[in-house]
Amino acid sequence: MAWLIPVCKASAIAFLSALLIHCSNANGQDSVRETVNYPPLWDNVPDSLDSFVTIHNKTLINPWNYQERMGMYKILLNVTAKYMESFGPRNTGNVLWGLPLQHGWQFNTGMNYYLATIPFLGAVEAGFFDEWPFEIEILPPEEHVDDFCYNAKDCHTLIPETMAKWTNFFQLLKKTENISQSKLLPSISPEEDTVWHHIWIAHVSSIEAALPKFSERLTYISAPEAQFGVSWGSAVEFIAAAHFPTNFNQTNVFQVYLPQRMLLAHDKAPFIPDLSKEENWVLVALNILYEGNKMTDGWLLKFWKRAMCSERGREEGRNLLENIISNPDLILPGICKLLLEFIKNHNCSITDA
């Protein structure tokens, strides 16, 4: 059990950053901006396949255009709405909201093909558009054409595991109409937990598929932005393991703390003057979490995942993630509860998400 000591130390260091976020708030520093409920230009993006151009019996979608890519998300929200009625009123509980809201946040900070086109083609493969009379095809970019796929068949060849996970997720959605949702975090029903489990498996798989293809291109952006991208990608694995809900309300609440522009070469958190104090300290926190996991050779993430093996552990994990921002007094007790869950789950086999 000697390895547990550095893991616990890394855990304490990582979550200390969360305390700093609240210390900055408590000392009267900048308040968080109001959340923007919908992504930029949401009312102007396509909401059905009829809005796209169809030529020679092929409906063409250009994911390199912000509005068309956002339209793919909007269509997914519409076609899955009937399966998500029990998750929240007016489709706000739809588990797919995290994708367009994140893309809206990235409007000025970059875009991710693997979290737009692949989910959409997974829904195509799962039969959500069987009544559409035309073939659906994705337009290629002007360069790096071989890094992407443009229809379901090609994606099964290029990234078979990721494509299969998104297809499985959408197939699961078709069985969710009668799922009852717990109204308050951190508790969620076992059936709903299964839905979150599968969307996070697919989400993480998309990131893992994309990173090797784009790692060289990180050299073309600033070092702080590249580091943020890597740190955020690492943090997603912790969030995913807790099966954290990515519905409309939760995503809006947590996304407001992320930087609202691309980071520049001279930016150094927590001293970036045109970012809020909260955004500055979140950048610090994410970097500490990344470095803590790296320092322990991945044991910090393994510790977290093992604690998340049980429903109780995931509940405590979501509770901790919620209170990192809203109630710092619960952070240290939360870590103690996770340590207990880690010990109780010692026989758990760690898997994706």
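Residues numbered from 1 in each chain as written. Predicted model: local features only at pLDDT ≥ 70, side-chain atom pairs only at ≥ 80, totals over all residues. Heavy atoms only, no water.

The next thing to look at is the overall build of the protein chain. Each helix and strand counted, the protein chain has 13 helices and three strands in total. Here the analysis covers contacts within the protein chain between residues at least 6 apart in sequence; of these, 76% occur between residues at least 24 apart. For the protein chain, the computed accessible surface area is about 16,900 Å², with 55% contributed by carbon and sulfur atoms. (Helix = DSSP H or I, 4+ residues; strand = E, 2+ residues; numbered from the N terminus. Contact = heavy atoms within 4.5 Å. Areas by Shrake-Rupley, 256 points an atom, 1.4 Å probe, with all protein chains shown as cover.)

Our focus in this paragraph is unusual backbone geometry. That bond from alanine 269 to proline 270 is cis: its omega, 10°, falls within 30 degrees of zero. The backbone phi angle of histidine 56 is positive, close to 55°, even though this residue is not glycine. Here histidine 56 is to be found in the loop between β1 (53-55) and β2 (58-61). You can call histidine 56 exposed: its relative accessible area is 75%. (Buried < 20%, exposed > 50% of the residue type's maximum accessible area, 1.4 Å probe, protein only.)

Where nonpolar side chains cluster on the molecular surface, the patch consists of Leu218, Ile221, Val230 and Met262 and spans about 250 Å² of accessible area. When you line up the elements, leucine 218 lands in the loop between α7 (190-214) and α8 (223-241). (Patch = residues over 30% accessible without salt bridge, like charges linked within 9 Å, V, L, I, M, F, W, Y side chains within 5 Å. Salt bridge = Lys/Arg side-chain N within 4 Å of Asp/Glu carboxyl O.)

A few words on the environment of methionine 72. Structurally, the position occupied by methionine 72 is in helix α2 (residues 66-80). Separated by 28 residues in sequence, methionine 72 and proline 100 place their C-alpha atoms 9.0 Å apart. Setting aside anything within four residues of it in sequence, one finds methionine 72 in contact with Ile61, Pro63, Ala116, Thr117, Phe120 and Ile138.

It is worth spelling out the side chain of threonine 251 at this point. Along the chain, the position of threonine 251 falls in helix α9 (residues 248-255). The exposure class assigned to threonine 251 is buried, which follows from its relative accessible area of 10%. Leave out the neighbours within four places in its chain, and threonine 251 touches Gly98, Leu101 and Thr246.

A word on the sheet that holds β2. The strand order across the open sheet formed by three strands is β1-β2-β3, and the pairing between neighbours is mixed. For this open sheet the edge positions go to β1 and β3 (135-138), each flanked by a neighbour on one side alone. Direction aside, neighbouring strands of the sheet carry axes that sit 35° apart on average. Pairing of β2 with β3, which is carried by four bridges, proceeds in the parallel orientation. Residue pairing across strands places threonine 59 opposite isoleucine 136, the latter belonging to β3. (Pairing = 2+ DSSP bridges. Axes fitted to C-alpha atoms, helices over the stretch in contact; angles between N-to-C directions.)

Once that is clear, we can look at the packing of α8 against helix α11 (residues 299-307). Describing two packed helices takes the angle between their axes plus the distance from one axis to the other. Packing of α8 against α11 leaves a shortest axis separation of 9 Å and a crossing angle of 15°. Between α8 and α11, the crossing angle belongs to the class labelled roughly parallel. Considering the relative orientation of α8 and α11, their crossing is right-handed. Side by side, α8 and α11 meet where Glu237, Phe238 and Ala241 of the first sit next to Leu300, Leu301, Trp304 and Lys305 of the second. Residues of the contact of α8 with α11, tallied by class, amount to five nonpolar, no polar and two charged. (Parallel < 35°, antiparallel > 145°, perpendicular 65-115°, else oblique. Left-handed = near helix turned anticlockwise from the far one by under 90°. Nonpolar A, V, L, I, M, F, W, Y, C, P; charged D, E, K, R; others polar.)

Close contact between helix α10 (residues 277-295) and α11 brings their axes to 6 Å; oriented N to C, the two are set at 100°. Looking at the two axes, α10 sits roughly perpendicular to α11. Residues Leu289, Gly292 and Asn293 of α10 form the contact with α11, whose participating residues are Trp299, Leu300 and Leu301.

Take the state of the cysteines next. One pass over the full model with this rule turns up two disulfides. Each sulfur of the disulfide joining cysteine 149 and cysteine 155 lies 2.0 Å from the other. Between cysteine 149 and cysteine 155 the sulfur-sulfur dihedral comes to about 95°; the bridge is accordingly right-handed. Cysteine pairing for the protein chain, with bonded cysteines counted in sequence order: 1-2, 3-4. (Disulfide = S-S within 2.5 Å.)

Take the nonpolar core next. Counting 90 residues, the largest nonpolar core has Phe129 and Phe170 as its most contacted members. Among the elements that line this core, the one with the most residues is α7, at nine residues. When near neighbours in sequence (up to four residues on either side) are disregarded, phenylalanine 129 contacts Leu49, Ile75, Leu76, Val79, Phe120, Ala123, Val124 and Ile136. (Core = buried A, V, L, I, M, F, W, Y, C linked by side-chain atoms within 4.5 Å.)

Moving on, we come to the pairing of β2. Residues Thr59 and Ile61 of β2 are buried on one face, while the alternating residues Lys58 and Leu60, pointing to the opposite face, are not. Two strands pair when backbone bridges link them, and β1 and β2 are joined in this way by three bridges, in the antiparallel orientation. Directly across from isoleucine 55, in β2, lies its bridge partner lysine 58. Hairpin remark: β1 followed by β2, antiparallel, with two residues in the connecting loop; positive phi at histidine 56, about 55°.

A separate point is the packing of aromatic side chains. Applying the stated rule across the entire model yields 19 aromatic pairs. Each residue in the set Tyr83, Phe128, Trp166, Phe169 and Phe170 is aromatic and connected to the rest through ring pairs, giving one cluster. Stacked on the ring of phenylalanine 128, the Lys or Arg lysine 174 has its end atom at 5.2 Å from the ring centre. (Phe/Tyr/Trp six-rings, centres within 6.5 Å; stacked < 30°, edge-to-face > 60°. Lys NZ or Arg CZ within 6 Å of the ring centre and 35° of its normal.)

Compared with the 21 Å implied by 1.5 Å per residue over 15 residues, the 22 Å span of α2 between its first and last C-alpha is a close match. Most of α2 is tucked away: eleven of the 15 residues are buried. (Expected span 1.5 Å × (residues − 1).)

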